[in-house]
Amino acid sequence: MSETSNQNQQNQHKPRLSFWQIWNVSFGFLGVQFGFALQNANASRILSDLGADLHSLSLFWLVAPIMGLIIQPIVGSASDKTWNRLGRRNPYILAGGVAAAIGMLLMPNSATLASFITPLFFGAMMLALMDASFNLAFQPFRALVSDMVPAEQRNVGYSIQSFLINIGAVFGSILPFVLTNVIGLENTASSGQVAPSVIWAFYIGATVMLGSVLWTVLRTKEYQPGTNGLAELEEQKESQSLSEKLVEFFSLVKTMPKTMKQLALVQFFSWFALFIMWVYTMPAIAQHIWGIDAKWFDPTYLESVGTIPAHIAKAKGTAGDWVGIIFAAYSLFAAIASIFMAKVANKIGRKLTYSLSLLAGGIGYLSIMLVHNPELTLVNLGITQISVPQGAVSLFLPMIGVGIAWAAILAMPYAILAGSLPVKQTGVYMGIFNFTIAAPQIVSGIFAGWILTAVFDNQAIYIIMLAGISMLLGAISVYFVKEDTEQAIVTKQVNLAS
């Protein structure tokens, strides 16, 4: 029996699930993404408050792609061969949730807890712990949907997962702002400390994440191997030596499909840009919109002055809150864009959709330079009078383009790639393709800080402009991607039928 027919037979044996059963399978992803969004929006802010300079920020952020590169393939392979009373994927999901919650509780308290090492180094260790834990949970969650949901319901399953991911990202990103402007917690931090609003945001994030992960683990009973179409666990065989496995792996890399190699160039430019955005948006808008001089991000200068002036601390805190707001905005715009992207791709083709989306992202980054900052007092909503620079409000417009690009980056490369991969090696090649996500982030992490300091004199807005140029190069490089012939014919037939 062929592999494809065997998979179809297995899928036929899986019982249909109710909406709420499918919801329960993916619900833990809401909490994981809630925590991940908190980290993305606030890690640079925390590390900066603990003493990291602008040059070293990108180096600290290197742990994210490195952990993804190491953890996901290992966990994916291990969970395939695991079965205990919690199930197959659930043990890894639970372990990742618990470990990430511990990291989220400890990281904002680095200044208090670090007795034998510097708070900055302790904070970096907790960032590494969170990243490893998030990756420990991500991979099994994706596999859990495939295990539990029959083929005819899989679109619904991944749609619900996508919805929960984006909801978690939106609420995780805005939480510090809400805690400051609704609850009234202080968003300023003295030198070497973390703002109370950020500390409590991480406490709440850890609670939400652990609660949602427990919901999935306790309410989802996985099928035992050999039942309901789930394949038997394969025995681990050591027939190949490590050197033979490495030779086989690099042989696959060398003979990867041309489409995959061509997409790697697009991936490089787009993920290089995304990494810069996650690391340097906070100092960029603090300097460009709030007018904070770059010297207030220099630990040596801060140590020489002793105390940060109240207006500088307040401006940095407010800028940090607004990073969460605009990151939530691009997640929301991405969710909206993803609803229409499949239909647009059917009309004009995947490549053109992908290219135009990256173009929108590049324009979004570059347009941040055009944002001005006259003062504007927002409407009093009966909660608190919020006074922010008008430029902060104007940042929502660039985030539309960033959101469209983000939606395309999460979908289009995989849609283009799928038709060019050999069926028996799809999993292996998808793992190799993860290198095209991690590698550009590692390159960005190594060189972005040096470029910011040596070329741009610590003016972080210019590194965001570099990200915009990189995204535009990604849009251009899509032109050189050649889709698989069979896949292109299917796309053409869809276009004609519609």
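Model, not experiment: these values are computed from the prediction.

Caption draft 1: Representation of the confidence of the model for the protein chain. Looking at the protein chain as a whole, its pLDDT mean stands at 77, while 75% of the residues score no less than 70. Here strand S1 (residues 375-377) stands out as the element of the protein chain with the lowest mean pLDDT, 37, in contrast to helix H19 (residues 460-477), whose mean of 96 is the highest. Note on residues 1-12: pLDDT under 50 across the span, and eleven contacts to partners over four residues away in sequence or across chains. Overall, residues 374-386 carries pLDDT values under 50, and its contacts beyond four positions in sequence, including any with other chains, amount to 22 contacts.

Caption draft 2: Layout of helix H18 (residues 435-454). Taking 1.5 Å per residue, 20 residues should reach 28 Å; H18 reaches 28 Å between its end C-alpha atoms and fits that length. Helix geometry: H18 is bent most strongly at Phe-447, by close to 35 degrees. Buried within H18 are the following residues: Thr-436, Ile-437, Ala-438, Pro-440, Gln-441, Ser-444, Gly-445, Ala-448, Gly-449, Ile-451 and Leu-452.

Caption draft 3: A look at helix H11 (residues 258-288). In a regular helix each residue adds 1.5 Å, so 31 residues correspond to 45 Å; H11 covers 42 Å between its end C-alpha atoms and thus fits that length. Helix geometry: H11 is bent most strongly at Tyr-280, by close to 60 degrees, with proline Pro-283 lying one to four residues after it. Counted residue by residue, H11 has 24 buried out of 31 residues, so it is predominantly covered.

Caption draft 4: Expanded view of unusual backbone geometry. Not every positive phi belongs to a glycine, and Asp-457 is a case in point at roughly 50 degrees. Inspection of the secondary structure puts Asp-457 in the loop between H18 and H19.

Caption draft 5: Highlighting a nonpolar patch on the surface. On the surface, Leu-332, Ile-336, Ile-339, Phe-340, Val-344, Ile-348, Leu-352, Leu-356, Leu-359 and Ile-363 cluster together into a nonpolar patch covering about 880 Å² of accessible area. Those elements that provide at least two residues to the nonpolar patch are helix H13 (310-348) and helix H14 (350-367). For the nonpolar patch, the element with the highest residue contribution is H13, accounting for six residues. Secondary-structure assignment places Leu-356 in helix H14. Residue classification places Leu-356 among the partly exposed residues on the basis of a relative accessible area of 44%.

Caption draft 6: Quick look at the side chain of Thr-180. Note on placement: Thr-180 falls in helix H8 (residues 154-183). According to the relative accessible area criterion, Thr-180 is buried, its value standing at 12%. Ignoring any residue separated from it by four or fewer positions in sequence, one finds Thr-180 in contact with Leu-185, Asn-187, Ser-197 and Asp-321.

Caption draft 7: Representation of the packing of aromatic side chains within the structure. A complete count under the given rule lists 19 aromatic pairs for this structure. With centroids separated by 5.0 Å and ring planes inclined at 85 degrees, the aromatic side chains of Phe-19 and Trp-20 adopt a geometry described as edge-to-face. Overall, the relative accessible area of 42% leaves Phe-19 in the partly exposed class. Trp-20 sits in the exposed class, given a relative accessible area of 56%. The interplanar angle of 85 degrees and the centroid separation of 6.4 Å between the aromatic rings of Trp-61 and Phe-275 together place this pair among those described as edge-to-face. Residue Trp-61 is found in the loop between helix H3 (54-60) and helix H4 (63-80), and its partner Phe-275 is found in helix H11; the two are separated by 214 residues along the sequence. For the pair formed by Trp-61 and Phe-275, the shared burial category is buried. Cation over ring: Lys-316 sits above Phe-297, and NZ or CZ is 4.7 Å from the ring centre. The lysine or arginine in question, Lys-482, covers the ring of Tyr-479, its NZ or CZ lying 5.8 Å from the ring centre.

Conventions and cut-offs
Residues numbered from 1 in each chain as written. Predicted model: local features only at pLDDT ≥ 70, side-chain atom pairs only at ≥ 80, totals over all residues. Heavy atoms only, no water. pLDDT = per-residue confidence, 0-100. Helix = DSSP H or I, 4+ residues; strand = E, 2+ residues; numbered from the N terminus. Contact = heavy atoms within 4.5 Å. Expected span 1.5 Å × (residues − 1). Bend = angle between axes of the 7 residues up to and from the residue. Buried < 20%, exposed > 50% of the residue type's maximum accessible area, 1.4 Å probe, protein only. Patch = residues over 30% accessible without salt bridge, like charges linked within 9 Å, V, L, I, M, F, W, Y side chains within 5 Å. Areas by Shrake-Rupley, 256 points an atom, 1.4 Å probe, with all protein chains shown as cover. Salt bridge = Lys/Arg side-chain N within 4 Å of Asp/Glu carboxyl O. Phe/Tyr/Trp six-rings, centres within 6.5 Å; stacked < 30°, edge-to-face > 60°. Lys NZ or Arg CZ within 6 Å of the ring centre and 35° of its normal.

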